Amino acid sequence: MSAEAADREAATSSRPCTPPQTSWFEFVLEEALLEQHLQKPSPDPPPVQLIVQFLEQASKPSVNEQNQVQPPPDNKRNRILKLLALKVAAHLKWDLDVLEKSLSVPVLNMLLNELLCISKVPPGTKHVDVDLSSLPPTTAMAILLYNRWAIRTIVQSSFPVKQVKPGPPQLNVMNHIQQEKELTENILKVLKEQAADSILVLEGALKLNKDLYVHTIRTLDLLAMEPGMVNGETESSTAGLKISTEEMQCQVCYDLGAIYFQQGSTNAAVHEKAKEKFFKTKELIAKNGSSSLHFTIDEARLAGYCQACEVLTSSSDDASQQATPYSKIHSCMKSGKYQDLVKIFLEDNLTLSLPEQFRQSVLRELFQKAQQGNEALDEVCFKVCVCNTVCDVLQGRIIDIQFCQLFLKPSKEKIDFLLEVCSGSINLESASEELKRRMAAFLKNLCLGMEDLQFVFMISSHELFIKLLKDDERKLLIDQMRKRSPRINLCTKPVTSFYDIPASASVNIGQLEHQLILSVDPWRIRQILIELHGMTSERQFWTISNKWEVPNVYGSVILGIKDSLTRDLVYILMAKGLHCCAIKDFVHAKQLFAACLELVTEFSPKLRQVMLNEMLLLDIYTHEAGAGASGERPPSDLISRVRGYLEMRVPDIPLRQVIAEECVAFLLNWCENEYLTMQVPLPLVQTNPYVKLGQLLAATCKELPGPKESRRTAKDLWEVVVQICSVSNQHKRGNDGRVSLIKHRESTLGIMYRSELLSFIKKLREPLVLTTILSLFVKLHNVREDIVNDIAAEHISIWPSSIPNLQSVDFEAVAITVKELVSYALTINANNHFWLIIQADIYFATNQYSAALHYYLQAGAVCSDFFNKMVPPDVYTDQVIKRMIKCCSLLNCHTQSRCHGFLL
């Protein structure tokens with residue numbers, strides 16, 4: 001052996017080797033293998049996965065000689081598989097917490113039904129009609145397990161579930177998910193119909209005074225050896241895992257409490273039953289200790305249930321129930337004693353026992369009642385909001401916007417109450433330096449935000465303020481307030497009052513212009529402009545920065561405003577808002593647009609509609625960059641506003657084309673195909689090219705894959721895109737008298753330019769829409785007469801196979817477009833194997849064989865779990881394999897080329 005070969009062998013032998021995963025059929029062939037496998041520290045596959053595999057194999061339907069699908073046969077193989085699944089569940093001690101977390105509802109339903117069957121529960125017998133005390137212990141326990149799972153599943157189904165973001169659409173996977181969803185819904189329907197019976201069964205179980213047994217691996221083996229034996233008081237029914245009466249009652253009480261609590265949303269009286277069960281569970285845990293239970297109970301959740309039941313079942317004359325703040329608050333809300341409610345919140349600012357979410361929920365409820373016409377609650381809302389805000393300050397949280405809104409118009413009464421809350425929320429003798437620093441910063445910032453010096457002096461002369469701030473800090477703050485120019489509140493002052501504010505002559509115009517350029521606060525911008533116009537009336541301040549750009553369609557309307565101050569203000573607010581929108585600073589953009597909208601509403605309906613349109617575009621951008629990026633659907637209100645914009649028919653309103661473009665892209669991205677194909681007005685399709693393109697794309701996607709006769713929309717879309725990619729030929733006579741042919745790349749033959757089409761496509765994110773438009777361009781690229789290597793794509797057969805006038809199509813532009821589109825598509829989803837194949841084909845067609853091979857391999861890796869599974873034949877087609885062989889040959893990788901040859 002050579003030295004190099006020896007080194008290679010040594011290196012290979014030193015690598016850690018991952019043991020192969022044990023297959024399900026090995027457990028069928030070797031009886032003792034399952035217990036050995038389950039005893040491992042980290043068995044692979046894990047127990048719950050084994051249950052799924054065993055039951056999946058046992059429930060596979062069979063096909064008879066006439067190719068008819070038959071139910072799974074009751075043969076020895078399937079019985080062994082079901083028994084193995086039961087053994088794994090027995091190894092997990094039938095812990096429903098573990099089983100529910102890892103198994104779907106259909107699988108767990110099948111498992112527990114098999115447990116009922118092997119425990120000799122007669123099929124079709126109603127459990128409520130069975131006397132549990134007369135049954136063998138394992139049989140009774142099997143019935144309890146099933147009915148406990150039934151009501152737990154009903155409770156769990158009532159909780160909201162966050163939708164999982166779907167991956168690339170795969171027909172087989174989608175069908176499987178849909179089938180499982182329908183099966184789950186059917187099982188839930190049955191369980192809900194039988195809920196009353198399940199509750200009666202569990203209530204009856206609480207009357208049992210004997211220990212129960214649950215099946216273990218050993219008892220299941222005994223039953224398997226004695227299939228014909230009646231399940232009486234034999235070893236197979238009493239040799240299992242012993243569950244004491246108190247342990248069983250503890251778990252049943254908890255599950256009954258949960259179902260009663262859930263039913264309490266429609267029947268308040270049931271909360272008393274829930275309370276009884278939960279407190280019984282708490283008592284049993286305290287008596288036996290939670291560590292002795294075979295089935296664990298979430299004690300934190302139990303404590304929450306108990307607390308909620310105390311609140312919901314408390315009465316005004318029950319003094320014992322008033323011990324907790326929750327009960328007190330609930331009682332105050334029911335009886336309307338809102339001053340007592342404020343007192344509770346103020347007292348809690350010292351103890352901090354109420355969580356932030358609970359405080360906010362109470363405030364929201366008060367706001368809702370106030371909005372329904374109860375004006376007396378406005379003061380209560382303010383007081384509770386102040387208590388919450390001071391609590392947030394002390395805990396280092398951000399001040400809520402509601403406090404800022406309620407404090408826009410301060411008054412002596414509001415300041416007095418705020419200072420009372422601040423004083424009552426901090427004990428200066430025992431408070432930490434951090435708490436003192438936070439309170440001091442809050443009071444200082446409050447002073448800086450005040451317009452009226454009278455209110456500032458009320459705060460600065462208060463005892464708490466004097467103790468928290470040093471003399472030098474207080475004096476500096478007072479001096480700042482005295483020198484400061486009056487500020488104008490945008491929300492409370494009408495436009496006409498701006499001209500009455502005196503300008504500060506001591507401030508240099510250049511400094512003010514510099515502040516005007518930097519500021520994004522609409523209130524500050526307005527104040528600066530007022531001061532500038534007070535100093536000089538000759539300047540047009542909207543021109544001082546070349547960064548302030550407003551679209552031409554808007555500029556002519558804004559510059560037509562006669563009053564110079566209003567004109568400057570509207571122009572600058574819009575320009576700064578558009579700039580913030582461009583740099584994705586959506587918070588400041590919304591503030592600037594809102595201020596501009598409020599201003600123009602007073603005098604210009606045309607500019608008001610312009611600002612509403614821009615705010616719609618901003619809301620689209622905000623959703624797509626935020627919640628939309630994580631897959632959350634937009635609110636129905638936003639979708640309605642988008643439709644309303646497209647259908648708007650207000651004359652003389654200046655419109656930006658980008659808004660219509662974004663609206664159509666938005667509807668396509670969120671699969672509003674029904675609206676685009678059926679409901680969009682016909683005049684809109686005829687006048688707006690983006691709506692027409694969106695309608696054709698939506699209709700084509702809707703009909704995929706579709707029969708041949710349904711491809712009319714695909715043909716229409718093809719013709720539109722071909723026109724866009726066509727060039728207009730013009731003849732021109734030169735100086736020498738010769739006639740030359742000029743081709744214009746950006747032709748006006750289509751409904752839009754090719755660059756506009758490309759820009760629009762790059763706003764799309766929906767996989768099917770991207771796949772469709774990519775498929776169209778690939779087909780258009782392949783139609784070229786001198787093409788050598790075709791590019792493959794999905795749904796390519798739906799497009800026409802020829803073009804009447806090939807010379808009119810700019811195929812160079814088409815090739816560039818295909819490259820740009822596939823590059824963009826891979827930024828949206830880099831693991832779409834069909835897009836990766838297109839990228840590989842492009843590189844192959846341009847003789848970039850190394851890059852082509854890289855993408856062919858990447859496509860195979862992403863759809864086969866990095867080649868742990870077989871690559872689907874529709875991904876590695878014969879053509880793809882031949883191209884991979886050619887790539888390897890041309891790269892002098894002849895061994896790999898031969899290996900690929902075996903795949904053909």
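Residues numbered from 1 in each chain as written. Predicted model: local features only at pLDDT ≥ 70, side-chain atom pairs only at ≥ 80, totals over all residues. Heavy atoms only, no water.

Got a sec to walk through the overall build of the protein chain? Specific residues and values, please.
Within the protein chain, the regular secondary structure consists of 44 helices and six strands. For the protein chain, the proportion of its 904 residues judged to be buried stands at 45%. When contacts within the protein chain are restricted to residue pairs at least 6 apart in sequence, long-range pairs at least 24 apart make up 66% of them. Split by element, the accessible area of the protein chain, about 47700 Å² in all, is 53% carbon and sulfur. (Helix = DSSP H or I, 4+ residues; strand = E, 2+ residues; numbered from the N terminus. Buried < 20%, exposed > 50% of the residue type's maximum accessible area, 1.4 Å probe, protein only. Contact = heavy atoms within 4.5 Å. Areas by Shrake-Rupley, 256 points an atom, 1.4 Å probe, with all protein chains shown as cover.)

So what about the pattern of salt bridges? Which residues, and what values?
All told, the structure shown has 26 salt bridges when counted by the stated rule. Two residues, Asp392 and Arg397, come together in a salt bridge whose shortest N-O distance is 2.8 Å. For Asp392, a relative accessible area of 3% puts it in the buried group. By relative accessible area, which is 26% here, Arg397 ends up partly exposed. One salt bridge connects Glu614 with Arg656, and the closest N-O pair in it is separated by 2.9 Å. (Salt bridge = Lys/Arg side-chain N within 4 Å of Asp/Glu carboxyl O.)

Provide a residue-level description of the packing of helix H4 (residues 47–58) against helix H5 (residues 76–91), including the pertinent values.
Orientation of H4 relative to H5, taken along the N-to-C sense of each, is 160°, at an axis distance of 8 Å. Between H4 and H5, the angle is such that the two are roughly antiparallel. Between H4 and H5 lies a crossing whose hand is left-handed. Residues Pro47, Leu50, Ile51, Phe54, Leu55, Gln57 and Ala58 of H4 form the contact with H5, whose participating residues are Arg77, Asn78, Leu81, Lys82, Leu84, Ala85, Val88 and Ala89. (Axes fitted to C-alpha atoms, helices over the stretch in contact; angles between N-to-C directions. Parallel < 35°, antiparallel > 145°, perpendicular 65-115°, else oblique. Left-handed = near helix turned anticlockwise from the far one by under 90°.)

For the nonpolar core, give the residues involved together with the corresponding values.
Grouped burial of nonpolar side chains is what soluble globular proteins tend to show. Ranked by internal contacts, the top residues of the largest apolar core, which has 131 residues, are Ile558, Leu697, Phe760 and Phe777. Looking at this core element by element, the count peaks at eleven residues for helix H29 (residues 564–582). With near-sequence residues (within four places) excluded, Phe777 lies in contact with Val721, Cys725, Leu757, Ile761, Val814, Thr817, Val818 and Leu821. Core analysis: the next-biggest nonpolar cluster, separate from the first, contains 77 residues, Leu55, Ala140, Ile187 and Phe278 among them. (Core = buried A, V, L, I, M, F, W, Y, C linked by side-chain atoms within 4.5 Å.)

Got a sec to walk through unusual backbone geometry? Specific residues and values, please.
Within the chain, Lys93 stands out as a residue other than glycine whose phi angle is a positive 60°. In this structure, Lys93 sits in the loop between H5 and helix H6 (96–102). We note that Trp94 has phi near 55°; this positive angle belongs to a residue other than glycine. Relative to the helices and strands, Trp94 resides in the loop between H5 and H6.

Pulling in residues and values, what's your account of the confidence of the model for the protein chain?
Summarising the model, the protein chain shows a mean pLDDT of 77, and 82% of its residues fall at 70 or more. Taken element by element, the predicted model of the protein chain shows its lowest mean pLDDT in strand E6 (residues 739–744) (42) and its highest in helix H30 (residues 586–601) (91). This model gives residues 7–17 a pLDDT under 50, and the stretch forms one contact once residues within four places in sequence are excluded. Within the model, pLDDT remains below 50 along residues 737–745, and this stretch shows 25 contacts once partners closer than five positions in the same chain are excluded. (pLDDT = per-residue confidence, 0-100.)

If you had to explain the packing of aromatic side chains to someone new, which residues and values would you point to?
Counted by the stated rule, this structure contains seven aromatic pairs. Here Tyr254 and Phe278 contribute two aromatic rings whose centre-to-centre distance is 6.1 Å and whose plane-to-plane angle is 65°, an arrangement assigned as edge-to-face. Of the two residues, Tyr254 sits in helix H13 (residues 245–263) while Phe278 sits in helix H14 (residues 270–288), which places them 24 residues apart along the sequence. As far as the burial class goes, Tyr254 and Phe278 line up, both buried. With centroids separated by 5.5 Å and ring planes inclined at 50°, the aromatic side chains of Tyr690 and Phe760 adopt a geometry described as tilted. Within this pair, whereas Tyr690 is found in helix H36 (residues 689–703), its partner Phe760 is found in helix H38 (residues 754–761), the two being separated by 70 residues in sequence. Residue class for Tyr690 comes out buried when judged on its relative accessible area of 4%. Its end group placed over the ring of Phe417, Lys383 keeps NZ or CZ at 5.2 Å from the ring centre. Over the aromatic face of Phe382 sits the side chain of Lys414, whose NZ or CZ is 5.2 Å from the ring centroid. (Phe/Tyr/Trp six-rings, centres within 6.5 Å; stacked < 30°, edge-to-face > 60°. Lys NZ or Arg CZ within 6 Å of the ring centre and 35° of its normal.)

For H36, give the residues involved together with the corresponding values.
The terminal C-alpha atoms of H36 lie 21 Å apart, and with 15 residues this matches the ideal 21 Å at 1.5 Å per residue to within 8%. Of all 15 residues in H36, eleven are buried, a share of seventy percent or more. Buried within H36 are the following residues: Tyr690, Val691, Leu693, Gly694, Gln695, Leu696, Leu697, Ala698, Ala699, Thr700 and Cys701. (Expected span 1.5 Å × (residues − 1).)

How would you summarise H13 if you had to cite specific residues and measurements?
Quick reminder: α-helices carry 3.6 residues per turn. Residues three or four places apart thus point the same way. End to end, H13 covers 27 Å across 19 residues, agreeing with the expected 27 Å (1.5 Å per residue, within 8%). Counting buried positions along H13 gives 15 out of 19 residues, so the element sits mostly inside the fold.

Any details on the environment of Asn552? Residues and values, ideally.
For Asn552, the location among the structural elements is in helix H28 (residues 552–558). Classification of Asn552 by relative accessible area gives exposed; the value is 71%. Between the C-alpha atoms of Asn552 and Arg656, which are 104 residues apart in sequence, the distance is 9.4 Å.

Quick one: what's the story with the side chain of Arg656, residue by residue and with numbers?
Along the chain, the position of Arg656 falls in the loop between helix H32 (636–646) and helix H33 (657–669). At 2.9 Å, the side chain of Arg656 forms a polar contact with the side chain of Glu614. (Polar contact = N/O pair within 3.5 Å; in protein donor to acceptor, adjacent residues only side chain to side chain.)

Could you give an account of the packing of helix H18 (residues 356–371) against helix H19 (residues 377–394), naming the residues involved and the relevant values?
In a packed pair of helices, the relevant descriptors are the angle between the two axes and the axis-to-axis distance. Running from N to C, H18 and H19 cross one another at 160°; their axes reach a closest spacing of 9 Å. In terms of their interaxial angle, H18 and H19 are classed as roughly antiparallel. Crossing handedness for the pair H18 and H19: left-handed. Between H18 and H19, the residues in contact are Glu356, Arg359, Gln360, Leu363, Leu366, Phe367, Lys369 and Ala370 and Leu377, Asp378, Val380, Cys381, Val384, Cys385, Cys387, Asn388, Cys391 and Asp392, respectively. Its residues placed into classes, the contact of H18 with H19 shows eleven nonpolar, two polar and five charged. (Nonpolar A, V, L, I, M, F, W, Y, C, P; charged D, E, K, R; others polar.)

Tell me about the environment of Ala815, and please be specific about residues and values.
Looking at the element boundaries, Ala815 is found in helix H40 (residues 811–828). Sequence separation between Ala815 and Asn782 is 33 residues, and the spatial gap between their C-alpha atoms is 9.6 Å.

Could you give an account of the side chain of His533, naming the residues involved and the relevant values?
Looking at the secondary structure, you find His533 in helix H27 (residues 522–535). Those residues in contact with His533, other than ones at most four positions away along the chain, are Phe541, Ser564, Leu565 and Asp568.

Provide a residue-level description of the environment of Glu433, including the pertinent values.
Note that Glu433 resides in helix H22 (residues 433–448). Remark: the alpha-carbon pair of Glu433 and Leu468, spanning 35 residues in sequence, is separated by 10.0 Å.

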